[in-house]
Amino acid sequence: MSLSRRTATRSVRALGVTAASAALALSAAGSAIACEIGDFSATAACDGAKGVITVTDKDASGVPAEVTVFLENNNADVRQVGTAQTVEGSAKGVTVSFAEDWEPNAVYRVHINAVKNGKELVNADIKPLLTAPAKACKADDTSTPSGTPSDTPSDTPSDTPSEPADTDSPAPSESSSDNGATPGPVSNDVSPAAQESNLAETGAGSNTGLIAGIAALLVVLGGGAVFFGMRRRGSGNR
């Protein structure tokens, strides 16, 4: 083989090796930026008192991907959460959110479907399945004004004044007895005791005869004393 033919053969081989190396490099670079399921992640979090499921796409190639979320129960789809959304990722990450009032420890399946130039690049679920937190969402404490009174009663006195004491009740009469008994209502009817007292004052009571007898006896005794005194004075004058 002549020197010129050998030189030409070596040149062709060198070009072939260079072309092959370039093809491998391009292939590796293309694989590095191709869309794949590992570029996607999902989380369940709270937005105030409402739940939300967020899916992040870190595909640097920016291939459009359709994201669909399903609620799972015993490895079966119960329902679809909202509607499917399309995301075009970036190296920093692009997110899409699904409003979902998830229950604690609820399980969700997030499916990714990415197609570029008619070629399906991704058609898979994010692994592992998404599990919601064990604690449900609740309203932010700062959303409630601090001046709003609590529903539970407190030990502080109420602002409403208590009802005043009943001042309409009459004061006890000065003629009431010392034992605190309240005098009864005044009646115009004369009691039996009052009638007996009136009869005693007028002489018609049961003691009137006794008093009259004693008075008569005193009169008789007085008259007798006067009579004997007169006789004694008469005997002395003789």
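In this report, we go over the structure that sits alongside the text. (Residues numbered from 1 in each chain as written. Predicted model: local features only at pLDDT ≥ 70, side-chain atom pairs only at ≥ 80, totals over all residues. Heavy atoms only, no water.)

On to a nonpolar patch on the surface. Residues Leu 210, Ile 214, Leu 217, Leu 218 and Leu 221 make up a contiguous nonpolar surface patch of roughly 530 Å² in combined accessible area. Among the secondary structure elements, Ile 214 is positioned in helix H3 (residues 208-237). Taking relative accessible area as the criterion, Ile 214 reaches 46% and is therefore assigned partly exposed. (Patch = residues over 30% accessible without salt bridge, like charges linked within 9 Å, V, L, I, M, F, W, Y side chains within 5 Å. Areas by Shrake-Rupley, 256 points an atom, 1.4 Å probe, with all protein chains shown as cover. Salt bridge = Lys/Arg side-chain N within 4 Å of Asp/Glu carboxyl O. Helix = DSSP H or I, 4+ residues; strand = E, 2+ residues; numbered from the N terminus. Buried < 20%, exposed > 50% of the residue type's maximum accessible area, 1.4 Å probe, protein only.)

Time to look at the pattern of salt bridges. Within the structure shown, the criterion is met by four salt bridges. Here Arg 109 and Asp 77 are joined by a salt bridge, their closest N and O atoms 2.7 Å apart. Here Arg 109, found in strand E7 (residues 107-116), pairs with Asp 77, found in strand E4 (residues 77-80); they are 32 residues apart in sequence, far enough to count as distant. Residues Arg 109 and Asp 125 are paired through a salt bridge, measuring 3.0 Å at the closest nitrogen-oxygen approach. With Arg 109 in strand E7 and Asp 125 in strand E8 (residues 119-125), this residue pair connects regions lying 16 residues apart in the sequence. Taken together, the shared-partner salt bridges in this structure form one network comprising Glu 72, Asp 77, Arg 109 and Asp 125.

Before going further, it helps to examine the environment of Val 110. Mapped onto the elements, Val 110 comes out in strand E7. Residues Val 110 and Ala 42, spaced 68 residues apart in sequence, show a C-alpha to C-alpha distance of 7.5 Å. When neighbours within four sequence positions are excluded, Val 110 is seen to be in contact with Ala 42, Val 55, Val 67, Thr 68, Val 69, Ala 124, Asp 125 and Ile 126. (Contact = heavy atoms within 4.5 Å.)

In this structure, Glu 88 sits in strand E5 (residues 85-88). Sequence-wise, Glu 88 and Gly 62 are 26 residues apart; in three dimensions their C-alpha atoms are separated by 4.9 Å. In this view, Glu 88 contacts Asp 57, Gly 62, Val 63, Pro 64 and Val 94; residues no more than four positions away in its chain are not counted.

Quick look at the nonpolar core now. Ranked by size, the top nonpolar core spans 24 residues in total, and within it Val 55, Val 67, Phe 98, Tyr 108 and Ile 112 carry the most contacts. Elements supplying a minimum of two residues to this core: strand E1 (40-47), strand E2 (50-57), strand E3 (64-72), strand E6 (94-99) and E7. (Core = buried A, V, L, I, M, F, W, Y, C linked by side-chain atoms within 4.5 Å.)

So, about the pairing of E7. Pairing of E3 with E7 involves eight bridges; the strand directions are antiparallel. By the bridge assignment for E7, Ala 65 is matched with Ala 114. Taken together, the two bridges between E7 and strand E9 (residues 130-131) define a ladder with antiparallel strand orientation. What sits directly across from Val 107, in E9, is Thr 131. Inspection of the sheet shows E7 paired to E8 by six bridges, in the antiparallel sense. Paired with Ile 112 across the bridge in E8 is Ala 124. Linkage of E7 to E8, two consecutive antiparallel strands, is achieved through a turn of two residues, within which Asn 117 is found at a positive phi near 55 degrees. (Pairing = 2+ DSSP bridges.)

With that out of the way, let us pick up the sheet that holds E1. Taking strand neighbours across the sheet as the criterion, the three strands line up as E1-E2-E6 in an open arrangement whose pairing is antiparallel. In this open sheet, the two strands that pair with only one neighbour each are E1 and E6. Ignoring which end each strand starts from, the neighbouring axes of this sheet average 25 degrees apart. Bridge count between E1 and E2: eight bridges; the pairing is antiparallel. Residue pairing for E2: Cys 46 is matched across the bridge by Gly 51. (Axes fitted to C-alpha atoms, helices over the stretch in contact; angles between N-to-C directions.)

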